[in-house]
Every structure is written in C-alpha cells, then in structure tokens.
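# Summary of structural features
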Amino acid sequence: MAAGTGGSGTRTRGWSAARIPAQEGRTAVVTGANSGIGYVAARELARHGAHVVLACRSERRGADAVARLLSEVPGAHAEFSRLDLGDLASVREFAARHVRRPVDVLLDNAGVMALPYGRTADGFERQFGVNHLGHFALTGLLLPALLRAPGSRVVTVSSILHVLGNLDPRDLDSARHYRRWLAYGRSKTANLLFTHELARRLEAAGADTVAAAAHPGYARTNLHTAGTRLEGRKAAERLARLRTRLVGQPAEAGALPSLYAATAPGVGQDSFTGPRFLMWRGAPGPSWRAPWTRDDETARRLWAASEELTGVRYELPEA
C-alpha cells in the first residue's frame, strides 16, 4: 500500500483553521477535549458547523469545556460524554452511546506522557493502556458508525517522540523494565503502527474511511507537567512549565495538524501530518516518521496483541 503524504506542500503551506471546510451535518468525536489541542480541535470543528462530542474522563472538566466552547462559539452544537480510556468498561459504555449514529471524524487525541509507573483499571501499563489500547478499542467499537459516514476519518495523535523507541514485542507492557520516556515513545510508535495497519485493512476492504495520524510538534499544554505533578516534584514541574512556555507553540497552533488531517481534502491513508518547521512548530505539512512505524509485520503483531488484550475485533466488509 502506498502511504499518503498528508497533502502537498502547496496545499498545506499557510494552512489555518479558517480553511477548514464546512462541517454542517457532520459528527466529530474528540477524545481528551477538555483542554489543550483537543479542546481547540473540538472548538474549531464546532465553529465550522460540526456536532462535536467532547469525550473526557472528568465530568466536571468536560462540562466546563462545553460551557467554555459555547461561550466562544455561540450556537455551536457540542455535548460532553464521559470516556475513561484507561478503563475498557468505560470505553464500551461510551461506544454503545454513540455507535448508532454516523461518526464522520474520530479524533483519537487524548494521552498521557512520562508518568510514573502505574496501571489502568484493566491492569495495563498506563501509557500503553491509555495512549494505544484505549484508542484501539474505541475505534474498533465505533467502526460501524464510521463506515456509515461517507468519507469518514480516524485521526490518531502521535508525537515526534515516537523516535524514542520501537516496540519490544516481548514486553509491550513495559513489565520487565519501565522507563517513563521510553514507554511514552513506544506508545506513540504504537499509535503510528495502529494507523498503518488500520489504513491497510480499510483499503483492503474497499472502505472510503481514511486512517491518518498527526502530531502537534511542541505545544504548550499541561501534558508536559502531568508526570512531575503526580510525583509532587514542584521544582521539576516549574522547570517543565517554564521550558514549555519558552519553546512551545500555542495549543491553537498545535491543533492544526490534527484539524488538517481530519478535514482537509486529499488527506491520504496512513499519512502523518505535523508542523512544517523542523517538526516543531508552524503550519501543518507532511511529517517525517521513523521507518519502523511502517513495518508491516510489527503492525500486524501489535494488532493481534491489541485484539487479544482488549477483546475488540474490527468488523470490516469484504472487498
């Protein structure tokens, strides 16, 4: 399968949220939409007419995000729906509530970064469990709704830090030796391998749903301080916040690659969109990715393991 490019340079240069095509009559589900690039993506999709479901773990933060969105975009169509990606029962409950109507855009955006070792409700290492397995299960359970929507898209948010590590098939869950940044990098590699294999399967089935990936570069969000905050390392948290403020780009800019992948014409299967300037900041464009993120055999093995761990099987029509 030939990988998509995410759009030619001429189409992406200078691309901004103002160029999002009209979204009236479309439904978008955005995970982790209560803050950061997820909130910005939800707001801009709603601004252009989409009915947006803000899928968030905290009911209070989700409700606050909806209220904020409606104050910024009066007349928008937005709702909160609880989703805890670290709990497969919650994922199944969320999917059951939303699978009946077509879903045009699924933005798998939520994630955790460099946390101290911990496990999800189902016993998976948190970064692998939330960043990959939760989204794998959610996408599979919502697949019937995606297939009913012509030209639908699944956009999975990875990271430039996927370069920190390829998957270790013998230790997907980092049970042997946990290093927080390596585990994070591997979870973001898993996001790209998931996109690669999903794109292959959609193409083989003759479906017109597109599986694409994006990354925000270095965006100023609270993701960068979550780990140090959990550990109570105040000085390290302040340093991380200062570094992010100095070198990161605003969440409004960090959301653009996701919005481009979700809405722009011509986005290809298995494309990877990120900021144009050194993959760090700027307008969205095709992004480099590590060669191992397009390895067919590793992608198939990850897929099989993910099915086994989550109990979710993807039902695709025969070509």
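Residues numbered from 1 in each chain as written. Predicted model: local features only at pLDDT ≥ 70, side-chain atom pairs only at ≥ 80, totals over all residues. Heavy atoms only, no water.

Here we take up the nonpolar core. One recurring pattern in soluble globular proteins: nonpolar side chains tend to sit buried together. Judged by nonpolar contacts, the single largest core of 40 residues is most densely connected at F94, L138, L198 and Y314. Elements supplying a minimum of two residues to this core: β2 (51-56), α4 (88-98), α5 (126-147), α6 (180-205) and α11 (296-310). Ranked by the residues each element gives to this core, the list is headed by α5, at 10 residues. (Core = buried A, V, L, I, M, F, W, Y, C linked by side-chain atoms within 4.5 Å. Buried < 20%, exposed > 50% of the residue type's maximum accessible area, 1.4 Å probe, protein only. Helix = DSSP H or I, 4+ residues; strand = E, 2+ residues; numbered from the N terminus.)

Among the structural elements, T298 can be located in helix α11. Classification of T298 by relative accessible area gives buried; the value is 18%. Spatially, the C-alpha atoms of T298 and P169 are 8.1 Å apart, while their sequence positions differ by 129 residues. A distance of 2.7 Å separates the side chain of T298 from the side chain of D295, its partner in a polar contact. (Polar contact = N/O pair within 3.5 Å; in protein donor to acceptor, adjacent residues only side chain to side chain.)

A word on a nonpolar patch on the surface. On the surface, a cluster of nonpolar side chains totalling about 400 Å² of accessible area is made up of V163, L164, W181 and W288. Position of V163 among the secondary structure elements: in the loop between β5 (153-157) and α6. (Patch = residues over 30% accessible without salt bridge, like charges linked within 9 Å, V, L, I, M, F, W, Y side chains within 5 Å. Areas by Shrake-Rupley, 256 points an atom, 1.4 Å probe, with all protein chains shown as cover. Salt bridge = Lys/Arg side-chain N within 4 Å of Asp/Glu carboxyl O.)

Quick look at the packing of aromatic side chains now. On inspection of all chains with the given rule, the structure shows 8 aromatic pairs. Note on F136 and F194: the rings are 5.8 Å apart at their centroids and 65° apart in plane angle, and the pair reads as edge-to-face. Taken together, the residues span a long stretch of sequence, with F136 in helix α5 and F194 in helix α6 at a distance of 58 residues. In this structure, F136 and F194 share a single accessibility class: buried. Feature note: the residues F136, F194, W303 and Y314 constitute an aromatic cluster, connected by ring pairs. (Phe/Tyr/Trp six-rings, centres within 6.5 Å; stacked < 30°, edge-to-face > 60°.)

Moving on, we come to unusual backbone geometry. Most peptide bonds adopt trans geometry, and most residues besides glycine take a negative phi value. The backbone of A114 shows a phi angle near 50°, a positive value even though the residue is not glycine. Checked against the element boundaries, A114 lands in the loop between β4 (105-108) and α5. On the basis of relative accessible area, A114 is assigned to the buried category, the value being 6%. Unusually for a residue other than glycine, D270 sits at a positive phi of about 65°. Checked against the element boundaries, D270 lands in the loop between α10 (256-263) and β7 (272-277). On the basis of relative accessibility, which here comes to 0%, the residue D270 falls in the buried class.

Take the environment of H132 next. Relative to the elements of secondary structure, H132 occurs in helix α5. Ignoring sequence-local partners within four residues, the contact set of H132 consists of Q127, A190, N191, F194, L302 and S306. (Contact = heavy atoms within 4.5 Å.)

Quick look at the pattern of salt bridges now. Within this structure, the stated rule accounts for 15 salt bridges. Notably, a salt bridge pairs R47 with E44, separated by 3.0 Å at the nearest N-O pair. Of this pair, R47 and E44 both sit in helix α2 (residues 36-47), 3 residues apart, which is roughly one turn of that helix. The class of R47 is partly exposed, set by a relative accessible area of 41%. Of the residues examined, E44 reaches a relative accessible area of 7% and is grouped as buried. In this structure, the salt-bridge partner of E79 is R101, at a minimum N-O distance of 2.8 Å.

Further remarks concern a positive patch on the surface. Together, R57, R61, R82 and R97 make up a positively charged patch on the protein surface. Inspection of the secondary structure assignment puts R97 in helix α4. (Lys, Arg positive; Asp, Glu negative; His and termini not counted. Charge placed at Lys NZ, Arg CZ, Asp CG, Glu CD.)

This paragraph deals with the confidence of the model for the chain. Predicted confidence across the chain gives a mean pLDDT of 89, with 84% of residues reaching 70 or more. A low-confidence stretch, residues 1-10 (pLDDT under 50), is modelled with 24 contacts involving residues beyond four sequence positions or located in other chains. In this model residues 224-229 is a low-confidence stretch, pLDDT under 50, and it forms 18 contacts with partners more than four residues away in sequence or in other chains. (pLDDT = per-residue confidence, 0-100.)

A few words on α2. Its 12 residues give α2 an end-to-end C-alpha distance of 17 Å, which sits within 8% of 16 Å, the value for a rise of 1.5 Å per residue. Of the residues one or two after α2, G49 is the one with positive phi, at around 105°. (Expected span 1.5 Å × (residues − 1).)

Moving on, we get to the packing of α5 against α6. Running from N to C, α5 and α6 point in directions that differ by 20°, and their axes come no closer than 8 Å. With respect to α6, the axis of α5 lies roughly parallel. Helix-helix and strand crossings are classified by hand; for α5 and α6 the assignment is right-handed. Contacts from Q127, F128, N131, H132, F136, T139 and L147 of α5 reach α6 at R180, A183, Y184, S187, K188, A190, N191, F194, L198 and L202. Residues that form the contact of α5 with α6 fall into these classes: 9 nonpolar, 6 polar and 2 charged. (Axes fitted to C-alpha atoms, helices over the stretch in contact; angles between N-to-C directions. Parallel < 35°, antiparallel > 145°, perpendicular 65-115°, else oblique. Left-handed = near helix turned anticlockwise from the far one by under 90°. Nonpolar A, V, L, I, M, F, W, Y, C, P; charged D, E, K, R; others polar.)

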